[in-house]
Amino acid sequence: MWDSENESVGGRDYGNGVLSSTKQGVKTEGFELRDQSWYVATDIPSDLLVQVGSVNFHLHKYPLLSRSGKFNRIIYESRDPEFSKIILDDLPGGPEAFELAAKFCYGIAVDLTAANISGLRCTAEYLEMTEDLEEGNLIFKTEAFLSYVVLSSWRDSILVLKSCEKLSPWAENLQIVRRCSESIAWKACANPKGIRWAYTGKPPKVSSPKWNDNMKDSSPSRNQQVPPDWWFEDVSILRIDHFVRVITAIKVKGMRFELIGAAIMQYAAKWLPGLIKDAAGAGDDGAGSNSGSSNSNSNSCSSSSWKGGLHMVVAGTGSNEDPPNVQAKDQRMIIESLISIIPPQKDSVSCSFLLRLLRMAIMLKVAPALVTELEKRVGMQFEQATLADLLIPTYNKSETLYDVDLVQRLLEHFLVQEQMEGSSPSRQSFSDKHGYDGGLRVTNQNAKMRVARLVDSYLTEVSRDRNLSLTKFQVLAEALPESARTCDDGLYRAIDSYLKAHPTLTEHERKRLCRIMDCQKLSIDACMHAAQNERLPLRVVVQVLFSEQVKISNALANSTLKEQGEMNYQPMISNRKTLLEGAPQSFQEGWAAAKKDINTLKFELESMKAKYLELQNDMEVLQRQFDKMAKPKNSSAWTSGWKKLSRLTKMSGLENQEMGSQIPGAGAAADHTRKTPRRWRNSIS
């Protein structure tokens, strides 16, 4: 304990925490411990054995009966004058608290401290040590010490609340938890300039803070400025249910929401070591890491020092459970509690903290309603997220490496929130009154642009996953409106990365993927890369080349405009030959290759048409032969021979006509041949 915080309040002196009884039924010099048993140092033999847990107390009936209503009732109900043994396995506080209560019954001085007062108060209530049996009984004196000494001290209130963890539900029913929480809340909300009591403050980075440090080292001096987060470290040692009680009381008192959020982040950093394992500077933004001290399983509160053991052990948890399962259960309860007390205001906690908390919530299978609530909170400040925090692995049976569906939901929450803020009547009335509507639109547009860059980076990262379907990629890329992207270079990188990781896509799927991108929004460097990208469909390459032509011509025109100093000049697109002559060599080579590919495709298309006509003619011949075989033979052989000959002549004429149409200039030559004899005949005539 802190020796300098023994207070005398309201003129009532509590003897520096020394408690004694004026009446003594048995004269004794104290208690003696032998093995696992306590004996009273007196000549009178004991006539009552009290067993508390594994410890035996050899006592006398009279001192206990004169001050404890429970002992009176047990012995009276036994109806046995030789009754000599009582078992108290459910006594709150255990053997330590009963030892102090027994000493009080014998009139031995008892030192009351913040570490033992809660257990002794619960023991006194259990043993029914009321004023009806003796004035100034144990209940009255422990209650007075709590009210006048403990609750007026900051650190005593913290330690008493910490010691109540093993006293449920007695400490809760006796209002010890509520009163300590209220006391801590009042002091935490006090003006920092008026703080004169000792506090722990920020922990050193090398070692954990000691609770028994000298008060002169931790007390604020008159000239020393107290930081607003002075109470974070002391409150963060509490168990999660008591921490929630304190934070709830602080909220009622009107504490600023950003301070409450910072306290929650620091608490999560201590109790959830995996939350900030990968975060380098988490301690600088109010959530300092102390994960090294989180490996201890001890959660007991000592009056001499605090060793930094912050792994929570729930009271009543049996040792038969698997330790990893117990730890996961405890962490799940911490996450659920923290989600429920995060202030509703935007920016009360960082988006990075929310995403790390969301990752652990999904991994530990937190209640779906709380996960959805946390997703909505992330959507409120999604523009503050980073790529590293968004790369959340898939913890279910999905085939993809990263949880793309989660990012899709976060993006939808962000868009809904942006739409609600834009259409909110209060926002509109405020903007109409003060003329801030333009600034609000600019802010929303900037947020969408930041989110667009973030989504493009995320798509580039997850596109390397071969199990990522084209539909998921396309839906996530098209979720944002077109106005959110002023440049599609990031989207082009994501599409190119997806095409590289999925070489088996069909031509139709590649065209469908590239429809997401607007070629006119690509920079000149991206156009240069796309013009030589063999993975892109040919139609997209042509669009990119045309877009690049426009940009190069405009750039050349603008440079000419600057040189000549003409003010009314508007850039115009010259003819293709002029553009190609002024374009770089790499662009000319790309355009020549694309033109060659186009001519090749045209030639293949004409060849396919010719083959199609040939097959169609063959089909007609076969059909006629089939009809002829099906009809009865009514004509002579001479007639059938002439018909066959005419058909062959007709077929050869058709073939010659098709060949003439395929050969350039063949049709013109045929017309010239036909026209020349006609001119000769006319001249003869």
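Residues numbered from 1 in each chain as written. Predicted model: local features only at pLDDT ≥ 70, side-chain atom pairs only at ≥ 80, totals over all residues. Heavy atoms only, no water.

- Regarding the chain, the relevant UniProt record gives this comment under Pathway (unreviewed entry): "Protein modification; protein ubiquitination." (UniProt positions renumbered as here; feature names shortened; annotations may be inferred.)

1. Focus: the overall build of the chain
Logical step 1: Check the secondary structure of the chain and you find 28 helices and seven strands.
Logical step 2: For the chain, restricting intrachain contacts to residue pairs at least 6 apart in sequence, the fraction spanning at least 24 positions comes to 69%.
Logical step 3: When the accessible surface of the chain is summed, it comes to about 38200 Å², and 53% of that surface belongs to carbon and sulfur atoms. (Helix = DSSP H or I, 4+ residues; strand = E, 2+ residues; numbered from the N terminus. Contact = heavy atoms within 4.5 Å. Areas by Shrake-Rupley, 256 points an atom, 1.4 Å probe, with all protein chains shown as cover.)

2. Details of the sheet that holds strand β5 (residues 55-59)
Logical step 1: One open sheet accounts for five strands, arranged β2-β3-β5-β4-β6; its pairing is mixed. At either end of the open sheet lies a strand with only one pairing partner, and these are β2 (31-34) and β6 (85-87). Neighbour-to-neighbour, the strand axes of this sheet turn through a mean angle of 20 degrees, independent of strand direction.
Logical step 2: When strand β4 (residues 48-52) meets β6, the two strands line up parallel, connected through three bridges. In the sheet register, glutamine 51 faces β6, and the bridge partner there is isoleucine 87. (Pairing = 2+ DSSP bridges. Axes fitted to C-alpha atoms, helices over the stretch in contact; angles between N-to-C directions.)

3. A word on the pattern of salt bridges
Logical step 1: Inspection of the entire model under this criterion finds 21 salt bridges.
Logical step 2: Aspartate 405 serves as the salt-bridge partner of lysine 472, at 3.5 Å between the closest nitrogen and oxygen. With lysine 472 in helix α20 (residues 470-477) and aspartate 405 in helix α17 (residues 404-423), this pair connects stretches of sequence that are 67 residues apart.
Logical step 3: On the basis of relative accessibility, which here comes to 26%, the residue lysine 472 falls in the partly exposed class.
Logical step 4: Overlapping salt bridges, with partners in common, bring together Arg121, Glu125, Glu143 and Arg179 in one network. (Salt bridge = Lys/Arg side-chain N within 4 Å of Asp/Glu carboxyl O. Buried < 20%, exposed > 50% of the residue type's maximum accessible area, 1.4 Å probe, protein only.)

4. Quick look at the environment of aspartate 47
Logical step 1: Mapped onto the fold, aspartate 47 is located in the loop between β3 (37-40) and β4.
Logical step 2: For the pair aspartate 47 and tyrosine 62, spaced 15 residues apart in sequence, the C-alpha to C-alpha distance is 9.5 Å.
Logical step 3: Non-local contacts of aspartate 47, meaning those with residues more than four positions away in its chain, are made with Leu59, His60, Lys61, Phe83 and Ser84.
Logical step 4: Of note is the side chain of aspartate 47, whose polar atom sits 3.0 Å from the backbone nitrogen of lysine 61. (Polar contact = N/O pair within 3.5 Å; in protein donor to acceptor, adjacent residues only side chain to side chain.)

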